[in-house]
Amino acid sequence: MSKGQERRTAVAYFISRLNTASFIVPIYPLYLSTLGISVSLIVLVSNLYLILTLTFKPIVAYFIADRISRKLSWILALLSFIVGLSIYIVANSLREIVIAELIYNIGAVFRGQNPEIIVFERLRDQSLVTRALFQGELESLITIGLFSIIGGFVAEYNLKLPFMLSLATLLFMLVTSVILIEDVKGDVKRFNSNGTKGSFKTSLKTCIKSLGKRRALPLITMSLMIALIRSIITPLMPLLLKNAGFSIILISFTYASVGMMLVMITRFYRDRFSNIIFNPLSKPIMLMILSIAPLMSLLGGPLMLIASFLVLTLIPQLLRPLIFTQLQEFTSHELRSTFNSLISSIVSFTTFMVVSIISLLNLSIEVMLMLATIISFILTSSIFLLEYRV
């Protein structure tokens, strides 16, 4: 592959990693609360997409991404995001919010990990892929910071303005993705040795076998830990700040400050972060830091809440490329999207069950954070036992 093609692939991946939800994160729970939705329902609504992920993501991955086109699946994801956000902008009731959330998160079903898979199959060399994905994650952190700043401040004037900014960015992503993304169809072997495409059943068997493999199970458990902690804590963060006495303006300023920290960290320490992922000590250290994020939120106080938000934003971004590239050794090209979607569904199912139980119990925020703390310590211990057992 030429340098020009590598650059094109990198730019296309960066655009796919633009986190348009960052415009909305500072005000999403507050926006829902203006419609009379309780804290428990906020967490539940925020995780509705996990039902869709569990049921449809592997099927969509097999019939569209693996059998037709990864690019097509990504374009359909963007269209779903656009329609869902458009409904959010005009929504005035819980029913409309639920419809918007479901349609928006159909995009997650179509997206899968297709942008990452396209990079993997274009570059092919694992070290190059890991570094490229890692660079994309760092660049996405900059956009998360900037989008959080912008979204927090425009929300002071109208809580729907962040949704409009997110919609405009998605339209930009749609146009540029159509132009820049180069599909892998025809460049990578998509068939078995007998000339037939791999079946869904084959991918399911491969996924089940990987659950019992020593190298795969810790990686899947890490994904579960990240999903659980973020699904419980992230929707509650603005409410925690509000309970700490923060006004909407002060909450916006807090998100803006955190956003600026992320921009500064990734701007001035980009080269150091690029070396972290290849250090054998980095993974256990990052896991231990991530495991204490719920405890930091539980302890309360503005500084602790800001530190917790930084950890929940930064650490998963650093771990994700490592988890993805190491999991690829357990599958083949022709079923790569289906395999990754099945792994995602396993994580999503477990996450949804835990979050649903916690939400339906109508627990206080403090008890929910205490449960998140216990869960994080249990999963961290399990990962270390699986990863480093003799």
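Rules used throughout
Residues numbered from 1 in each chain as written. Predicted model: local features only at pLDDT ≥ 70, side-chain atom pairs only at ≥ 80, totals over all residues. Heavy atoms only, no water. Helix = DSSP H or I, 4+ residues; strand = E, 2+ residues; numbered from the N terminus. Buried < 20%, exposed > 50% of the residue type's maximum accessible area, 1.4 Å probe, protein only. Contact = heavy atoms within 4.5 Å. Areas by Shrake-Rupley, 256 points an atom, 1.4 Å probe, with all protein chains shown as cover. Phe/Tyr/Trp six-rings, centres within 6.5 Å; stacked < 30°, edge-to-face > 60°. Salt bridge = Lys/Arg side-chain N within 4 Å of Asp/Glu carboxyl O. Axes fitted to C-alpha atoms, helices over the stretch in contact; angles between N-to-C directions. Parallel < 35°, antiparallel > 145°, perpendicular 65-115°, else oblique. Left-handed = near helix turned anticlockwise from the far one by under 90°. Nonpolar A, V, L, I, M, F, W, Y, C, P; charged D, E, K, R; others polar. Expected span 1.5 Å × (residues − 1). Bend = angle between axes of the 7 residues up to and from the residue. pLDDT = per-residue confidence, 0-100. Patch = residues over 30% accessible without salt bridge, like charges linked within 9 Å, V, L, I, M, F, W, Y side chains within 5 Å. Lys, Arg positive; Asp, Glu negative; His and termini not counted. Charge placed at Lys NZ, Arg CZ, Asp CG, Glu CD.

Student: So what exactly am I meant to see when it comes to the overall build of the chain here?
Tutor: Helix and strand counts for the chain stand at 19 helices and zero strands. For the chain, with 390 residues in total, the buried portion stands at 55%. Intrachain contacts of the chain at a sequence separation of at least 6 include 85% that bridge at least 24 residues. Carbon and sulfur atoms make up 69% of the accessible area of the chain, which amounts to about 16500 Å² in all.

Student: How should the packing of aromatic side chains be read in this particular structure?
Tutor: In this description, a pair of aromatic rings is defined by centroid distance and the angle of the planes. What the rule picks out here adds up to five aromatic pairs. Taking the centre distance of 4.9 Å and the plane angle of 40° together, the rings of Phe81 and Tyr104 count as tilted. Residue Phe81 is located in helix H5 (residues 70-90), and its partner Tyr104 is located in helix H6 (residues 94-111); the two are separated by 23 residues in the primary sequence. Taken individually, Phe81 and Tyr104 each receive the classification buried, so the pair is uniform in this respect. With a centroid separation of 5.3 Å and 25° between ring planes, the pair formed by Tyr88 and Phe163 is classed as stacked. A residue pair is termed long-range when its members are at least 10 positions apart, and Tyr88 in helix H5 and Phe163 in helix H9 (residues 161-180) qualify at 75 residues. Under the relative-accessibility criterion, Tyr88 is labelled buried at 3%.

Student: What's the story with the side chain of Arg336 in this structure? I'm lost.
Tutor: With respect to the secondary-structure elements, Arg336 resides in helix H18 (residues 336-360). Residue class for Arg336 comes out buried when judged on its relative accessible area of 2%. Once residues lying within four places of it in the same chain are set aside, the contact partners of Arg336 are Asp66, Arg70, Ile117, Phe120, Glu121, Gln328 and Thr331.

Student: Explain helix H7 (residues 114-123) to me, please; I cannot follow it from the model alone.
Tutor: Owing to its 3.6 residues per turn, the α-helix aligns residues three or four sequence positions apart on the same side. A large share of H7 lies buried, amounting to 10 of its 10 residues. Buried residues of H7: Asn114, Pro115, Glu116, Ile117, Ile118, Val119, Phe120, Glu121, Arg122 and Leu123, and no others. Phi turns positive one or two residues past the end of H7, at Arg124, with a value near 70°.

Student: Would you take a moment to explain the pattern of salt bridges for this structure?
Tutor: Side chains that differ in charge, positive against negative, can pair when their charged atoms come close. For the structure on display, the rule yields four salt bridges. Note that Glu116 is salt-bridged to Arg111, the shortest N-O span being 3.1 Å. In this pair, the class of Glu116 matches that of Arg111, namely buried. Between Arg336 and Glu121 there is a salt bridge; the shortest N-O distance is 3.4 Å. Of this pair, Arg336 sits in helix H18 while Glu121 sits in helix H7, and the two are 215 residues apart along the sequence. The pair formed by Arg336 and Glu121 is uniform in burial state, with each residue classed as buried.

Student: Please clarify how the environment of Ala293 should be interpreted in this entry.
Tutor: Mapped onto the elements of the fold, Ala293 is located in helix H16 (residues 293-299). Residue classification places Ala293 among the buried positions, given a relative accessible area of 0%. Once the C-alpha coordinates of Ala293 and Ala372 are considered, the two residues, 79 residues apart in sequence, prove to be 9.1 Å apart. In this structure Ala293 touches Ile233, Ser308, Val311 and Leu312, once residues within four positions along its chain are discounted.

Student: Quick question: what am I supposed to make of the packing of H5 against H9 here?
Tutor: The packing of two helices is summarised by the inter-axis angle and the distance between the axes. Between H5 and H9, the least distance of the axes is 9 Å, while the angle of their chain directions is 160°. When the axes of H5 and H9 are compared, the pair comes out roughly antiparallel. Where H5 crosses over H9, the two elements pack in a sense that is left-handed. In this structure, H5 contributes Lys71, Trp74, Ile75, Leu78, Leu79, Phe81, Ile82, Leu85, Ser86, Tyr88 and Ile89 to the contact, and H9 contributes Phe163, Met164, Ser166, Leu167, Leu170, Leu171, Met173, Leu174, Ser177 and Val178. Taken together, the residues that form the contact of H5 with H9 break down as 17 nonpolar, three polar and one charged.

Student: What am I meant to see in helix H17 (residues 302-327) here?
Tutor: When the terminal C-alpha atoms of H17 are compared, their 38 Å separation across 26 residues agrees well with the 38 Å that a helix rising 1.5 Å per residue should span. Its maximal kink placed at Leu319, H17 deviates by approximately 25°, while the proline Pro321 follows within four residues. Most of H17 sits inside the fold, with 20 of its 26 residues counted as buried.

Student: Looking at this structure, how should I read the confidence of the model for the chain?
Tutor: When pLDDT is low, close inspection of the predicted coordinates is not appropriate. Of the residues in the chain, 81% have a pLDDT of 70 or more, and the chain-wide mean is 78. Confidence drops under pLDDT 50 across residues 186-196; counting only partners more than four residues distant or on other chains, this segment forms 22 contacts.

Student: Help me understand a nonpolar patch on the surface in this model?
Tutor: Side chains of Ile292, Leu295, Leu299, Met304 and Phe377 sit close together on the surface and give an oily, nonpolar patch of about 410 Å² of accessible area. Its location among the elements puts Leu295 in helix H16.

Student: Would you take a moment to explain a positive patch on the surface for this structure?
Tutor: On the surface, Lys201, Lys205, Lys209 and Lys213 cluster together to form a positively charged patch. As for its placement among the helices and strands, Lys205 is situated in helix H10 (residues 200-210). Given the relative accessible area of 46%, Lys205 is considered partly exposed.

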